[in-house]
Structures are given as structure tokens and as C-alpha cells.
Amino acid sequence: QVQLAESGGGLVQAGGSLRLSCAASGSIFSINNMGWYRQAPGKQRELVAQISSSGGTNYADSVKDRFTISRDNAKNTVYLQMNSLKPEDTAVYYCTVTALDTVLVGRLYWGQGTQVTVSS
């Protein structure tokens, strides 16, 4: 099994910044894609950003030029630096990891979610 531990959410004023972290641990053989999704009240969960094992990234149009995703492979950790935050960024943010465990079973894992609230 693989466990994900998220941190870094909170309350911030519009225009401010937050940095989310997500560390994967457990029976990990290898990690492929890592990413962040979010879900606002009454809305569907959406992809925010994703980063491949080789460092390739893709972002939702709504966060391009404001958010940056990165990863530390030695620490099995993915980060989301969020700048110029807007009230519409308010949501629960979920970390995702696609990993092979030590018996070479691959699957997508989800974090428990961390609340980000941006006040106007």
C-alpha cells in the first residue's frame, strides 16, 4: 500500500500565496505521474496540475502562470506553489500519485485533501 500525506492548505487573502506538499510513503517500487486536483463546493473535481516522472508538466488554463507544480523524486514528494490566489481558487485540493507498489501492482492513489480558502 501507498500512503499520501498532504500539508500546506489554509486561509489566505486574495493575491497571496500558499505552497502545498504531498509526500508518498509505504510499499513503493516506482512513481510515475504526480498531480493535484481540486473540488469546490457544488462543482466537479478538476485537474489543476500534473507532472510526469521526467518532469513534463501540464496545467489547467485557469491556473497557468500562477501555479507551479514540482517534485522531489528522492523524497517522493510533489509540491504546488500557488501565487496570485483568487477567491475562485477556494477548494479542497487533492494530491494524486500513480505508483507501482513492491509487488508491481500499479494504481492511482489519492490524498485525503487539504482545504484552501481565499478571501476577497
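Residues numbered from 1 in each chain as written. Predicted model: local features only at pLDDT ≥ 70, side-chain atom pairs only at ≥ 80, totals over all residues. Heavy atoms only, no water.

**Student:** Would you take a moment to explain the pairing of strand E4 (residues 28-39) for this structure?
**Tutor:** Looking along a regular strand, one sees side chains alternate from face to face of the sheet. One ladder, built from nine bridges, connects E4 with strand E9 (residues 91-101); its direction is antiparallel. Of the residues in E9, the one forming a bridge with Gly 35 is Thr 96. In this sheet, strand E5 (residues 46-51) lies alongside E4 in antiparallel orientation, the contact comprising five bridges. Considered in E5, the bridge of Arg 38 is made with Glu 46. Between E4 and E5, which pair antiparallel in sequence order, lie six residues; one of them, Gly 42, sits at a positive phi of approximately 75°. (Pairing = 2+ DSSP bridges. Helix = DSSP H or I, 4+ residues; strand = E, 2+ residues; numbered from the N terminus.)

**Student:** Whenever I open this one, the sheet that holds strand E1 (residues 2-7) confuses me. Can you help?
**Tutor:** The strands making up a sheet are joined through hydrogen bonds of the backbone, oriented either antiparallel or parallel. Spatially, the four strands line up as an open sheet ordered E1-E3-E8-E7, and their pairing is antiparallel. Among the strands making up the open sheet, the edge pair consists of E1 and strand E7 (67-72). For this sheet, the mean inter-axis angle between neighbouring strands, taken without regard to orientation, is 15°. The pairing of E7 with strand E8 (residues 77-82) spans six bridges and is classified as antiparallel. Bridging from a neighbouring strand, Arg 71 pairs with Val 78 of E8. (Axes fitted to C-alpha atoms, helices over the stretch in contact; angles between N-to-C directions.)

**Student:** Help me out: how do you make sense of the pattern of salt bridges in this one?
**Tutor:** A side chain with one charge may pair with a side chain of the opposite charge, provided their charged atoms come close. According to the stated counting rule, one finds four salt bridges in the structure shown. Here Asp 61 and Lys 64 are joined by a salt bridge, their closest N and O atoms 3.2 Å apart. In this structure, Arg 66 and Asp 89 form a salt bridge, with 2.8 Å as the shortest nitrogen-oxygen distance. Of this pair, Arg 66 sits in the loop between strand E6 (57-59) and E7 while Asp 89 sits in the loop between E8 and E9, and the two are 23 residues apart along the sequence. Of the residues examined, Arg 66 reaches a relative accessible area of 11% and is grouped as buried. Among the residues examined, Asp 89 registers a relative accessible area of 0% and is labelled buried. (Salt bridge = Lys/Arg side-chain N within 4 Å of Asp/Glu carboxyl O. Buried < 20%, exposed > 50% of the residue type's maximum accessible area, 1.4 Å probe, protein only.)

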